[in-house]
Each structure stands twice: as structure tokens, then as C-alpha cells.
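# Remarks on the overall topology
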Amino acid sequence: MRQTFVIVFALLVGVTLAQGPGSGPFVLPQPVSLTWGSQVVPISDASTFIIQSNVNSVTLNVATKRYSTLFFPFGNGTSTSGAPTQSLSIQVQSSNEDLALGVDESYKIAVDSASSLTITANTIYGAMRGLETFSQLLTYNPKSNSYSIPFAPISISDSPRFQWRGFMIDTARHYEPVNFILHIIDALGYNKFNVLHWHMVDAESFPVVSTTYPELSAKGAFNPLAIYTHDDIEEVVAYAKTYGIRVIPEFDIPGHAYGWGFGYPQLLAQCPGYAYNINNIALNIAEPFTYQVITGLFTEMAALFPDQYFHTGGDEVIFGCWLQDPSIVSWMNKMGFDSVHAETYFENQLTYILDGLNRTKIVWNDPFQNGVTLAPGTVVQIWNSADITQQVVDAGFKAIASYAWYFDKQQPMGVSTGEFENTWEVFYTSDPASGVTSNVDSVIGGEATMWSEQVDQMSWDTRVFPRALAVAERLWSAAYINDTNSALPRLEQQSCNIARRGVNSGPLEPDFCLIQTYLGMSRPNRLRPIIKLDRDTIKSILS
Ligand SMILES: *[C@@H]1O[C@H](CO)[C@@H](O)[C@H](O)[C@H]1NC(C)=O
Ligand SMILES: *[C@@H]1O[C@H](CO)[C@@H](O)[C@H](O)[C@H]1NC(C)=O
Ligand SMILES: *[C@@H]1O[C@H](CO)[C@@H](O)[C@H](O)[C@H]1NC(C)=O
């Protein structure tokens, strides 16, 4: 039965992929509006194809330089346009480079003729989204070694459904080299994600260098080479900005804090009865030195992460660990605290520290569930279940949904046959606003999470892709774009597009993806970013 289904389905898709009349261009995520015709616009060779912009923005210039390569994955090609040069014209309303939650990412594309190719946008970030969409309109013909845009004239008008389209990486369970984080940013940018949530430290390791508390990484990193310096962080933040991606750091406390104790053991609660699992060990919240270290570290980090939002974790605090430490118990007695009071006290301290740094706190849903009164404005990231989203938004908080998109897991869980096959469909049909009937606008988006106990740079791409394409479309496109059969050809095309750019994204069913190696060319190196920025450019982007 299953076999029959697969074969019939492959035949159907074979027809679609032949791009017969009516199929139109495959763009992922599906734009708000897309109309097309039946002409073919020839594209000149890469050496005479120019991307022009009406604004001079260092950040947008990096993006256009990158796409001037990405438009032509099979090399420069042979000119078929018949003109000495051909240009894509980018018209941006404002050259303002401010990147914040809710930045205008809308854009329009018009492919009218070989001499009229335009992207218009209100911001440079909308222009970047347009560049990605434009790249997906180009096709390559290996016989003539030339590029063209089929289905012209094309008119696209597009903007995202959700403001927060995040992806979480975990560099505590496995260190990811900086160049590989830049590669991850490439892969996210191709799919219009706009938040890199960087779960930097956890129980297992503390790779982040602090100049105020140098023992944190000196003793807490897996290896002296497995660290993130201030310069590294600046490079990541600047590189992400060239895709309109905001980088949000997470320091997960007071639970999951064992990694802080390699450098400064006095930061940890003493609870030997819980030591069988290092994830149980919490910070010693009774000790003033704990708040001193957090303040020093966060002050340093706020200078490196310009975004308004700062994630302080807060999940899975094991109260029993605190209750086993006599010094914490005597502090709690003195203060008249039970465990939830103690957690509330700690969360209030974090809010106070972040207020001083002009940062807004994000926490996982646990403190909310425990009954901790969170400060107004706190954003709650939901990892447990959909029904919590309703409670969070009804309590007046903004919500980010993650529970449906755990990339370390097969979804649905417990399916032992077929492994990861078709599990993208479950990701695809999971909506961040699922089950939310009031205050829906407070659901600002969602985040996929790649917890990395068993994933590093060798396996990251194949664990994440092509499944993340489903999340990308869910977060960008309208809620009613939810049919898996219509989505499949878009996902297949985009999986192939990004494979040509060096992302190891594989197929979703029997098909063929023409990659460079078939033509004797090499693919971009997966362990490096598409463009490496020099220090001056990084400083200029961040200024
Ligand atoms: C491709 O074009 C670029 C200019 O855009 C030029 O620098 C490069 O040498 C060309 N490559 C080949 C193989 O002709
Ligand atoms: C605080 O941050 C907000 C948002 O990033 C910004 O608009 C404001 O100017 C900042 N205030 C201060 C005092 O730095
Ligand atoms: C898809 O969207 C339609 C219209 O919004 C809705 O009625 C339907 O329940 C959705 N299907 C799934 C699987 O979510």
C-alpha cells in the first residue's frame, strides 16, 4: 500500500517538476502574491550581470555581493541576453540599517523583460528577502551553459506572516566552529529565517570568553580551541545582519548551570544527591557572588549583542537541588521563601540586571508554569505544549512557539519505521498559533530548535534539512498555505537550490537535483560561509 502510494506520487510530481504550462515558478516560502506568464527572459553571463541599488549600505552591499555569486551556481555561463550588460535594479525606500523585531521585510519583484528586472522594498532587509526570491526564479540550462528566467512576466508582492522566525542552535553540547555558525546563517538566510537563537552555554560546557570572568571559558570550554571570543561574536552578529537575521544570546540559568561551575565552583548549589545528572545542578541563588558574575557577564554580552531581546533560559530548575544545600535553605528561611518565591527572586534579579542594560528578557515557559510573576514585557518561549501558548498570551505576554519543532527528535515521536521520512509534513502542519483563540496577535512567531547532544558540524545539515524548509514556510507564508501536496515541489526545488550552495540538504522523494559535481565543478565548501567578512567590514556593519 505504502509502496503504491510512493510510486503514484512520484509520477504526479514528475509532471509538476517538468514545469509544464501553469506550474509557475517554485518559490519557498510561498509569497503572498505571485503571478506569472509564459515567456523566457534571457540572463546575461555573470561577468556582465550587475545588481544596482539606489542606496549605499555596507550591509546591503554584502548581501548583493553574495547573491551576485548565488544567482550563478554553475559559473559565469554564456550570455544569451544579447546586451552588453544587464542589471537587476534594487529600489529601497530608506537606507536605515536598524534591525529590530518587526522591521519591515516586505518587498516586490517585477520581471518584465530582459531589460526590466526590479526589486522594490521599504528597507534593506526587505531587499534582502527579495534577492533570495529572485535567486529562486533563475534556472540554468547545462546544454547552452546559460541562465534564464522562465514564466515571465513575473510579479511578486510579499511580506511575512510572523515577525519572529527563529532557529535555535546549541553550542554547549557540541561546539560549532565560528565558520560553521556562519554557514548555518547562510542556510537560515536562504529560507528567510530572521532570528538566530544562540543557546551558548549549558551544563556540559561554557565556550564563551568573558574578559571579566576568564575562568568561565578557560576551565569550562571543551578545548582551548573550542571558544567564542568577542571578535567571533561580533563576526557572527555582523554576518547575520547581512541576511537581516537578529542574533539572540541565551544564557540558560538558574538550571542547566553546571557549565558555569568549572571556572567558579562557588556559583553552584551543593546537591550531591542530584549529581547523577549534571542537568540537575542549579546556580547558588543565595550567594551575592552569583549575581556579581551574572551582571559582569551580561554587561559584556549586551555590548556584543545589540538586539533588544536577551534570553535567560529558566527551564527545568530542579528545586530539590536548592533544598539539599544547607546554605540555600538557611537563606530561604531567612527570606521567608518557598521554592517558587526563591525562583521569583532570582527572575526579578535578572530582570533588574537586564533593565539596567536596556534589554528585554525571554524565558522558556517553565517559570510561567511554576507561578512566578514575570515582569511585563517578558517574552515566553513555549517548549512544552500548545495549550500553554493560550495561557501565556492571555496573561499579557508575547509568545514564541517551539514545542512542535524539535529537530533532535523524530516527529511524530515513537515512529520507529521510516526514520526521518516525511516527518517534515508534521512540522509543516504545526502552526505556532495552533489552538489559540484569543490574543492571537501576541503569538509573535516560532522557533525550530536543534538541540545538539548528538549533532555537530558533521551532521548538522542533514539533521536540519530538508525538514527546516517546512518550518520556514509555516513561519513566513499565510496560515492557509498548509497543503503538503502543493508544498512538496517547492520544498524539493529549494532543497536542491541550497544543495548547490553547499548546504547538505537531501531529497524528499525520488527525483533528480543537478548539482555542480555532475558538471565536473565543485560545490561551495559546507564548512565555510559563502563570503568571509574582513574586520573593517564587520566594524562598519556593526557601527
Ligand atoms: C566570472 O566573472 C567574474 C566577474 O564577474 C570574473 O572575475 C571571473 O574571472 C569570471 N570567471 C570565469 C571562469 O570566467
Ligand atoms: C533602549 O533600547 C531601545 C530598543 O532597542 C532603544 O530604542 C532605546 O534608545 C534604548 N535606550 C537607551 C537609553 O539606550
Ligand atoms: C489548513 O488551513 C485551512 C484554512 O485555514 C484550515 O481549515 C485547515 O484546518 C488547515 N489544515 C491543517 C492540516 O492545518
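Anyway, here's the lowdown on the structure attached to this text. (Residues numbered from 1 in each chain as written. Chains lettered and ligands numbered in written order. Predicted model: local features only at pLDDT ≥ 70, side-chain atom pairs only at ≥ 80, totals over all residues. Heavy atoms only, no water.)

### As for the environment of aspartate 483
Position of aspartate 483 relative to the elements: it lies in the loop between helix H15 (467-476) and helix H16 (484-500). You can call aspartate 483 partly exposed: its relative accessible area is 38%. Once the C-alpha coordinates of aspartate 483 and proline 507 are considered, the two residues, 24 residues apart in sequence, prove to be 19 Å apart. (Helix = DSSP H or I, 4+ residues; strand = E, 2+ residues; numbered from the N terminus. Buried < 20%, exposed > 50% of the residue type's maximum accessible area, 1.4 Å probe, protein only.)

### Some details on a nonpolar patch on the surface
Taken together, the side chains of Phe512, Tyr518, Leu519 and Met521 present a nonpolar region at the surface, about 400 Å² in accessible area. Note that phenylalanine 512 resides in the loop between H16 and helix H17 (535-542). Looking at phenylalanine 512, the relative accessible area reads 54%, which means it is exposed. (Patch = residues over 30% accessible without salt bridge, like charges linked within 9 Å, V, L, I, M, F, W, Y side chains within 5 Å. Areas by Shrake-Rupley, 256 points an atom, 1.4 Å probe, with all protein chains shown as cover. Salt bridge = Lys/Arg side-chain N within 4 Å of Asp/Glu carboxyl O.)

### Re the state of the cysteines
One pass over the full model with this rule turns up two disulfides. Two residues, cysteine 271 and cysteine 321, share a disulfide whose sulfurs are 2.1 Å apart. Sign of the S-S torsion, about -70° for the bond between cysteine 271 and cysteine 321, identifies this disulfide as left-handed. Here cysteine 321 lies in helix H8 (residues 319-323) and cysteine 271 lies in the loop between strand E12 (246-251) and helix H7 (288-304), a separation of 50 residues in the sequence. (Disulfide = S-S within 2.5 Å.)

### Observations regarding the nonpolar core
Judged by nonpolar contacts, the single largest core of 159 residues is most densely connected at Phe134, Phe251, Trp260 and Phe298. Per-element accounting of this core gives the leading share, nine residues, to H7. Here this core spans two domains, and each of domain 1 (17-159) and domain 2 (164-519) adds at least three residues to it. Excluding residues that lie within four positions of it along the chain, phenylalanine 251 makes contacts with Met200, Val201, Phe206, Val208, Trp260, Leu297, Phe298, Met301, Phe310, His311, Thr312 and Gly313. Among the nonpolar cores identified, the runner-up in size contains eight residues, and Ile248, Tyr309, Ile362 and Ile400 belong to it. (Core = buried A, V, L, I, M, F, W, Y, C linked by side-chain atoms within 4.5 Å. Domains from an automatic or database assignment. Contact = heavy atoms within 4.5 Å.)

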